[in-house]
Amino acid sequence: MQEHVELFVIGAGSGGVRAARMSAQYGAKVAIAEEFRIGGTCVIRGCVPKKFMVYAGAYGQGFEEAKGYGWLADNVRFDWPTLIAAKDVEIDRLSGIYRCNLGNAGVEMIEERAKLAGPDTVRLVPSGRIIKCDKILIATGGTPRKLGFAGEEHTITSNEVFNLPKMPGHIVINGGGYIACEFASIFAGLGARVCLIYRRDTVLRGFDDDVRTHIHNELIRQGVRVITHANITGVKKTGEGLSVHLDTDVQIDCDEVMMAIGREPATDGLGLAAAGVNTARGGAVMVDEFGQSSVPGIFAVGDVTDRIALTPVAIREGAAFADSEFGGRRHAFDHRDVASAVFTQPPVGSVGLSEHEAREQFGEVDIYRSSFRPMRHALSGSAEQYMMKLIVRTQDQVMVGVHIISDAAPEIIQIAAIALKAGLTKAQWDETCAVHPTAAEELVLMREKFTPPTKRNPG
Ligand code: NDP
């Protein structure tokens, strides 16, 4: 007899698991297929292990700073295998919880590759099982982009970096986005020599320009050698390690080369075209606000679509899908004002528009900006700088962008995002009394509009 489910989910990452679990809890017969490990990129080789490495790297700076406070932290050493083993135990535990939650909800877990065999059918590989489905949800996520230069097979990506057998003494990282900047900071904090190769002039394109300049300078302050306007043209194995060749004729010898040049939707070999599913350039599944593709019964959520590639967004899209299709509550996730963090040292928290975007949309905006050395560093001796920036729409004084660089920025921005989404004005923001002594108090104390330096007023 033909096997049948009401929902088949392809990919057990954050978005897929949330959609499968909730749909099953609404009473649907659900199966989910995963070819790698339950938990997906975020849990297995993304946000979660990265955050452990961020914590590990921050201790490096912490030990240095503690000396200013009287701690004698001599002979401090870092042991990479200890970190990797501890991280693996925790990842196994989390993957187990995902598995358990799916099982408890009654979702059938299939550890095979699933392909579309038609608009309402999936085929499993290698077993060859064929399953008829009322609805199919594609939640296969993304995969690191490749460039195809000679010797690229000697390089690693964020897929491999979490399981290197030993810590690189000297790592070259290619890219200037989230992953490149975060890992440059992590490895610098762990004591490695780090060289960042970026094809343009300032990292973190897409963020507010002041954030970009600040983080670019902080990476350099951390000891990262930043080479701009350069691309890797080849990597060769040498007796000792690797030799990287740039299009600027520079050659760098190192132990590892990490490519962090973006991620692409994981749609290769899924059978989308044959099933009639339209994709954008780059392979992303094109969907409407409810996640529906060009085929009525086929949906997609998360990084495999061309929207915002962040775990909490995939989770909310997955939840909205389950509510709409099986829970009797049709709604779409609102993609506006999603906050994000970049876990550099110091980290970034950002929500809403950049100054550039706000000027383009509204013409006139008021800028409040403050860069300062945090109190902690009065004794630590560190030259690290924080930055806070508020962007206010002049016409009605509504806050349209908040950008924070500080040790607690990823935590603070969560609350700032609530204020921003609630549409508060600068005056309402300012009514809030400061918490003293903190770095965050600066956010409610900025009263002077920032005027960019001009020829008459060189700043
Ligand atoms: P990003 O899109 O953030 O950055 C990609 C970088 O690679 C950019 O600097 C880009 O340069 C550069 N690049 C792209 N193509 C090439 C090329 N052909 N040659 C050289 N350089 C190139 O991607 P990431 O890989 O860093 O991360 C992928 C996504 O994962 C992020 O966009 C984010 O959504 C998510 N993520 C989120 C994290 C978080 O929330 N903290 C952490 C990690 C990832 P250019 O600027 O010129 O385009």
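Going by the structure above, here's the rest.
Residues numbered from 1 in each chain as written. Predicted model: local features only at pLDDT ≥ 70, side-chain atom pairs only at ≥ 80, totals over all residues. Heavy atoms only, no water.

In this fold, R393 is placed in strand β20 (residues 386–393). Relative accessible area serves as the criterion here: at 17%, R393 is assigned to the buried category. Of note is the side chain of R393, whose polar atom sits 2.8 Å from the side chain of D396. (Helix = DSSP H or I, 4+ residues; strand = E, 2+ residues; numbered from the N terminus. Buried < 20%, exposed > 50% of the residue type's maximum accessible area, 1.4 Å probe, protein only. Polar contact = N/O pair within 3.5 Å; in protein donor to acceptor, adjacent residues only side chain to side chain.)

What follows covers the sheet that holds strand β11 (residues 232–237). Spatial ordering of the open sheet is given by β11-β12-β13, a layout of three strands whose pairing is antiparallel. Every interior strand has two partners, whereas the edge strands, β11 and β13 (251–254), have only one. Across the sheet, the mean angle from the axis of one strand to that of its neighbour is 20°, orientation sign disregarded. Summarising the sheet, β11 and strand β12 (residues 242–246) pair through five bridges and their orientation is antiparallel. The residue bridging K236 from the neighbouring strand is S243, located in β12. (Pairing = 2+ DSSP bridges. Axes fitted to C-alpha atoms, helices over the stretch in contact; angles between N-to-C directions.)

Another aspect to go through is the site of the ligand. Near the ligand you find 21 residues, and of these Y198, R200, R205, A309 and A341 are the closest. Contact distances for the ligand include 3.3 Å between an oxygen atom and a backbone N or O atom of Y178. At 2.9 Å, a side-chain N or O of E182 approaches a nitrogen atom of the ligand. Coverage of the ligand by the protein chains reaches 79% of its 910 Å² of free accessible surface. Considering every element that reaches the shell around the ligand, the biggest residue donor is helix α5 (residues 178–190), with three residues. In terms of residue class, the shell around the ligand is built from 10 nonpolar, four polar and seven charged. (Near = heavy atom within 4 Å. Areas by Shrake-Rupley, 256 points an atom, 1.4 Å probe, with all protein chains shown as cover. Nonpolar A, V, L, I, M, F, W, Y, C, P; charged D, E, K, R; others polar.)

Let us look at unusual backbone geometry. For the bond from Q345 to P346, the omega torsion is -5°, close enough to zero to count as cis. The residue P346 is located in the loop between β17 (340–342) and β18 (348–352) in this model. Cis geometry marks the peptide bond from H436 to P437, where omega comes out at -10°. By the secondary structure assignment, P437 is in the segment after α12 (426–430). Even without a glycine there, the phi angle at H229 is positive, about 50°. As for its placement among the helices and strands, H229 is situated in the loop between β10 (225–227) and β11. A positive phi angle is found at D249, which is not glycine, with a value near 75°. Along the polypeptide, D249 turns up in the loop between β12 and β13.

We now examine the packing of helix α1 (residues 14–25) against helix α4 (residues 80–105). Two quantities define a packed helix pair, namely the angle between the axes and the distance from one axis to the other. Close contact between α1 and α4 brings their axes to 8 Å; oriented N to C, the two are set at 25°. With respect to their mutual orientation, α1 and α4 come out roughly parallel. The hand of the α1/α4 crossing is left-handed. Between α1, through S14, V17, A20, R21, A24 and Q25, and α4, the contact on the second element is made entirely by Y98, N101, L102 and A105. The residue inventory of the contact of α1 with α4, partitioned by class, reads six nonpolar, three polar and one charged. (Parallel < 35°, antiparallel > 145°, perpendicular 65-115°, else oblique. Left-handed = near helix turned anticlockwise from the far one by under 90°. Contact = heavy atoms within 4.5 Å.)

Right, let's talk about the packing of aromatic side chains for a bit. To describe a pair of aromatic rings, one takes the distance between the centres and the angle between the planes. Applying the stated criterion across every chain, the model contains eight aromatic pairs. Plain terms: the ring middles of F321 and F326 are 6.2 Å apart, the flat faces sit at 75° to each other, and that makes the pair edge-to-face. An identical accessibility class is assigned to F321 and F326; each is buried. Site record: aromatic cluster; members linked through ring pairs are W80, F162, F183 and F187. Its guanidinium or amino end placed over the ring of F36, R45 lies 4.0 Å from that ring's centre, counting from NZ or CZ. (Phe/Tyr/Trp six-rings, centres within 6.5 Å; stacked < 30°, edge-to-face > 60°. Lys NZ or Arg CZ within 6 Å of the ring centre and 35° of its normal.)

What follows is about a nonpolar patch on the surface. A surface patch of nonpolar side chains, amounting to about 430 Å² of accessible area, comprises Y55, Y59, F63 and V76. Following the sequence through the fold, Y59 ends up in helix α3 (residues 47–66). Judged by its relative accessible area of 56%, Y59 falls in the exposed class. (Patch = residues over 30% accessible without salt bridge, like charges linked within 9 Å, V, L, I, M, F, W, Y side chains within 5 Å. Salt bridge = Lys/Arg side-chain N within 4 Å of Asp/Glu carboxyl O.)

Turning our eyes to something else, we now look at the pairing of strand β2 (residues 30–33). Residues V30 and I32 point to one face of β2 and A31 and A33 to the other, with burial holding for every one of them. Handedness of the crossover joining strand β1 (residues 3–10) and β2 through α1 is recorded here as right-handed. One ladder, built from three bridges, connects β2 with strand β3 (residues 108–110); its direction is parallel. Looking across to β3, one finds that A31 is bridged to E108. (Right-handed = clockwise from strand over helix to strand, strands pointing away.)

The next point concerns the nonpolar core. Formed by 40 residues in total, the largest nonpolar core has its most connected members in I173, F183, F187, L196 and L219. Contributions of two or more residues to this core are made by α3, α4, β8 (170–174), α5, β9 (193–197), α6 (209–221) and β17. For this core, the element with the highest residue contribution is α5, accounting for eight residues. Formed by 23 residues, the second largest nonpolar core is a distinct cluster that contains F8, A114, L116 and V304. (Core = buried A, V, L, I, M, F, W, Y, C linked by side-chain atoms within 4.5 Å.)

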